[in-house]
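As a plain string of letters, each chain reads:
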Amino acid sequence: MQVHPLQRRPFWGKVKMNNEELSGDELREGLLAWFGENSRGLPWREHYVPYQVWISEIMLQQTRVQTMLPYYERWMARFPDAPSIAGAPEDDVLRLWEGLGYYARARNIQKAAKILVKEYGGEVPRNFDLVRKLPGIGRYTAGAIMSFAFNGDYPAADANAGRIFARLFDIAHPSGSKEFAEAVWDAATKLLPRGRSREFNQALMDLGSLVCLAKDPVCTQCPVSDCCAAFQRGLTGVRPVKAAKKVVTQIVRAAAVMLKEGRVLIRKRPASGLMPNLWELPGGDVPESISPEQAIKRIWLEELGIRLGPLVSLGVTKHSHTSFRVLLHAFLCNGDSPARSLETGPHMRWASLNELEKLAFPSAHRRIIKALRERLAEP
Ligand code: SF4
């Protein structure tokens, strides 16, 4: 059997890194014994079905376990295997993902599912390189799938594991830097116990979630505190070193709701860029020099050829992305619809309130729809 380069590392008794040398055996044994008694019962851990492991790992990117669990349950009820996603309409996939954000993840799952159906009989292949080639799967996720689903000897260091290694080995590189990522990967590879990778990698994740917390780690309950350089030196509060703060810009946008015979005008976002292919209430950016109301009237006139009449505010919603924050002003067109001659098609249409529930919208627009429903329910 061919051995993957990631698996050729020696099995170290002592692990030396970053001028720190600790007993790899002591650390492994402490961690594995702790996991045996404290592991979190998560649905994809019941049978380690590769498909379920894959979906859970993609959902957990940028998302906490408690937040993703209801999404995971809904997803598995609707898409229990790769063929069911491969053949589903994209709108259904995006609607189930709505609220998790980073929609490229859902789109990549569907692309990968199609490959699985076409090339691997609908199953996740038991091969690191093939898994890594699937859309949306990088080094970490491929390692996680291989070790959790197949108990293959591959490292899988997520943010929790990264924080633990930064403290165990007193790694001083800022988190988010290339040097930090490589030091963590190196540690994860050197410490991996052959034949017990599934438990070991998950033990790191659980220890990071339950004990080695980002703020205020509970070192008195830690099974590996004897091996922890940062703990011994009183440096747990400054490890890992924080990455430089990103500048978060604020964008002001406006959107409007037009009703015609109980249906709402919606349009599809472009196929590339931010939140591609999601539906939205037509609108756009508000320039600094004019009010949101003036801006929405200008946008509708220029982009849809519709001159809006009086507007009623539906409120302001906030939504945060990684590097910017959106303030969205929502309006209800209060007057006769001048849009009778509007050209509709696959990217612009009138939808009933019930249909809106089946289509995927950005979270801020979903909140506007909720405000609209409440307004329409008023006497
Ligand atoms: S001793 Fe504290 S800082 Fe070190 S690994 Fe354990 S919980 Fe984390």
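Because the structure is a prediction, the values reported are computed rather than measured.

1. Focus on the sheet that holds strand β9 (residues 324-333)
Okay, so step 1: Strand order across the open sheet formed by 4 strands is β7-β3-β9-β8, with mixed pairing between neighbours. The open sheet has two edge strands with one neighbour each: β7 (283-285) and β8 (311-320). With direction set aside, neighbouring strand axes in the sheet form an average angle of 20°.
Okay, so step 2: In this sheet, β7 lies alongside strand β3 (residues 249-257) in antiparallel orientation, the contact comprising 3 bridges. If you follow R253 over to β7, its bridge partner there is D285.
Okay, so step 3: The strands that helix α13 (residues 292-304) touches are β3, β7, β8 and β9; relative to β7, the one it contacts most, it runs at about 120°.
Okay, so step 4: Across the face of the sheet, helix α15 (residues 363-377) comes into contact with β3, β8 and β9 while running at roughly 145° to β8.

2. Here we look at the domain arrangement of the chain
Okay, so step 1: For the chain, the assigned domains read domain 1 (5-238) and domain 2 (249-377).
Okay, so step 2: The C-alpha centroid of domain 2 is placed 39 Å from the C-alpha centroid of domain 1.
Okay, so step 3: Taken together, the contact between domain 1 and domain 2 spans 9 residues of the former and 14 residues of the latter.
Okay, so step 4: At the boundary of domain 1 and domain 2, one finds 3 salt bridges.
Okay, so step 5: We note a salt bridge from K268 to D91, for which the minimum N-O separation is 4.0 Å.
Okay, so step 6: No other element matches helix α5 (residues 90-97), which puts 4 residues into the side of domain 1 that touches domain 2.

3. Section: the packing of helix α8 (residues 139-150) against helix α11 (residues 197-210)
Okay, so step 1: The interhelical angle for the contact between α8 and α11, taken along N-to-C directions, is 125°, at an axis separation of 7 Å. Judged by the angle between their axes, α8 and α11 are oblique. Regarding α8 and α11, the two cross each other, and that crossing is left-handed. Facing Y140, S147, F148, A149 and F150 of α8, the residues of α11 in contact are S197, R198, N201, Q202 and M205.
Okay, so step 2: Looking at the contact of α8 with α11 residue by residue, the class counts come to 5 nonpolar, 4 polar and 1 charged.

4. Thoughts on the pattern of salt bridges
Okay, so step 1: Under the defined criterion, the tally for this structure stands at 22 salt bridges.
Okay, so step 2: A salt bridge links R139 to E182; the shortest N-O distance between them is 3.5 Å. Highlighted residues: R139 in helix α8 and E182 in helix α10 (residues 178-191), separated in sequence by 43 residues.
Okay, so step 3: For R139, a relative accessible area of 27% translates into the label partly exposed.
Okay, so step 4: For E182, a relative accessible area of 40% corresponds to the partly exposed category.
Okay, so step 5: Taken together, the shared-partner salt bridges in this structure form one network comprising R95, E98, E357, R366 and R373.

5. Some remarks on the packing of aromatic side chains
Okay, so step 1: Applying the stated criterion to the full structure yields 6 aromatic pairs.
Okay, so step 2: On the basis of an interplanar angle of 75° and a centroid distance of 5.9 Å, the ring pair of Y51 and W54 is categorised as edge-to-face. On the criterion of helical spacing, the pair formed by Y51 and W54 is a turn pair, its members being 3 residues apart in helix α2 (residues 50-60). By the burial criterion, Y51 is buried, and W54 matches it.
Okay, so step 3: Centre to centre, the rings of F128 and Y154 are 5.0 Å apart; their planes meet at 5°, and the pair counts as stacked. Pair noted here: F128 is in helix α7 (residues 128-133) and Y154 is in the loop between α8 and α9 (159-168), with a separation of 26 residues, a long-range link. When sorted by exposure, F128 lands in the same class as Y154, which is buried.
Okay, so step 4: Three or more aromatic residues joined by ring pairs make a cluster, and in this case those are W75, F79 and W97.
Okay, so step 5: Residue placement shows R139 over the ring face of W185; its charged tip is 3.9 Å from the ring centre.

Rules used throughout
Think of each chain on its own: its residues are numbered from 1, step by step along the sequence as written. With the structure being a predicted model, the display of local features is reserved for residues of pLDDT at least 70 and the display and counting of side-chain atom pairs for 80 or more, all residues being used for whole-chain, interface and lining totals. Excluding hydrogens and water, the side-chain values take into account all heavy atoms of the structure. A pair of strands is treated as paired once DSSP finds two or more bridges between them. Secondary structure elements follow DSSP: runs of H or I of four or more residues count as helices, runs of E of two or more count as strands, with numbering from the N terminus. Every angle, taken between N-to-C directions, lies between 0 and 180 degrees, and every axis is a line fitted to C-alpha atoms, over only the stretch in contact when it is a helix. The contact criterion used is simple: two residues touch if any of their non-hydrogen atoms lie within 4.5 Å. Note that the domain bounds were set by an automatic or database domain assignment. Salt bridges are defined as contacts in which a side-chain nitrogen from Lys or Arg sits within 4 Å of a carboxyl oxygen from Asp or Glu. Each angle receives one of four descriptions, namely roughly parallel if under 35 degrees, roughly antiparallel if over 145, roughly perpendicular if within 65 to 115, and oblique otherwise. Crossing handedness: left-handed means the near helix sits turned counterclockwise from the far one by under a right angle, and right-handed means the same turn made clockwise. Throughout this entry, Asp, Glu, Lys and Arg are counted as charged residues, while Ala, Val, Leu, Ile, Met, Phe, Trp, Tyr, Cys and Pro are counted as nonpolar. The remaining residues, Gly among them, count as polar. We call a residue buried when its accessible area falls under 20% of the maximum for its residue type, exposed when it is over 50%, and partly exposed in between, using a 1.4 Å probe and counting protein chains only. Centres within 6.5 Å make a pair out of two Phe, Tyr or Trp rings, where for Trp the six-membered ring is used; the pair is then stacked when the planes are under 30 degrees apart, edge-to-face when over 60, and tilted otherwise. By definition, being over a ring means that NZ of Lys or CZ of Arg is both within 6 Å of the ring centre and within 35 degrees of the ring normal.

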